[in-house]
Amino acid sequence: MAEQGNSGIHHAILENRNHLLLTGVTEIDSFDERAVVVYTQLGELTILGKNLHMNRMSVESGEVSVEGEIWALRYGDRDRQAPVHLLGRLFR
């Protein structure tokens, strides 16, 4: 899967549902063994699964590698580029 927008390119390559390579990652919001939340050049992405862990992160290239039992990739709002802070939540 590859998408190209005005801000850049984002790729998500899933191999055998246990290895995910992402490009175009701008920020890692949170991660644990059941969910990884990242922000890409095209918005928020949540990876859901079991025994998830990040093997590789590169701020310079925007690449992230996630391994584990991957159940779902869920994209959020395309315009949401960074976490919403408390004031932002109050005024939604």
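First things first, this report covers the structure right here in the doc. (Residues numbered from 1 in each chain as written. Predicted model: local features only at pLDDT ≥ 70, side-chain atom pairs only at ≥ 80, totals over all residues. Heavy atoms only, no water.)

**Some thoughts on the environment of Leu21**
Structurally, Leu21 is set in strand β3 (residues 19-23). Leu21 sits 35 residues away from Arg56 along the chain, and the two C-alpha atoms are 9.1 Å apart. Beyond its immediate stretch of four places on either side in the chain, Leu21 contacts His11, Ala12, Ile13, Arg56, Glu63 and Val64. (Helix = DSSP H or I, 4+ residues; strand = E, 2+ residues; numbered from the N terminus. Contact = heavy atoms within 4.5 Å.)

**A short note on the environment of Leu22**
In this structure, Leu22 sits in strand β3. C-alpha separation for the pair Leu22 and Ala12, spaced ten residues apart in sequence, amounts to 4.7 Å. Not counting the four nearest positions on each side in its chain, Leu22 is found in contact with His10, His11, Ala12, Val38, Leu45, Ile47, Gly62, Glu63 and Val64.

**A closer look at the pairing of strand β5 (residues 35-40)**
For β5, a buried count of five out of six residues is recorded, marking the element as mostly surrounded by other parts of the structure. Pairing geometry for strand β4 (residues 25-31) and β5, over five bridges, is antiparallel. Bridge pairing in β5 links Val25 to Thr40. Linking two consecutive strands that pair antiparallel, namely β4 and β5, is a turn of three residues. Bridge count between β5 and strand β6 (residues 43-58): six bridges; the pairing is antiparallel. (Buried < 20%, exposed > 50% of the residue type's maximum accessible area, 1.4 Å probe, protein only. Pairing = 2+ DSSP bridges.)

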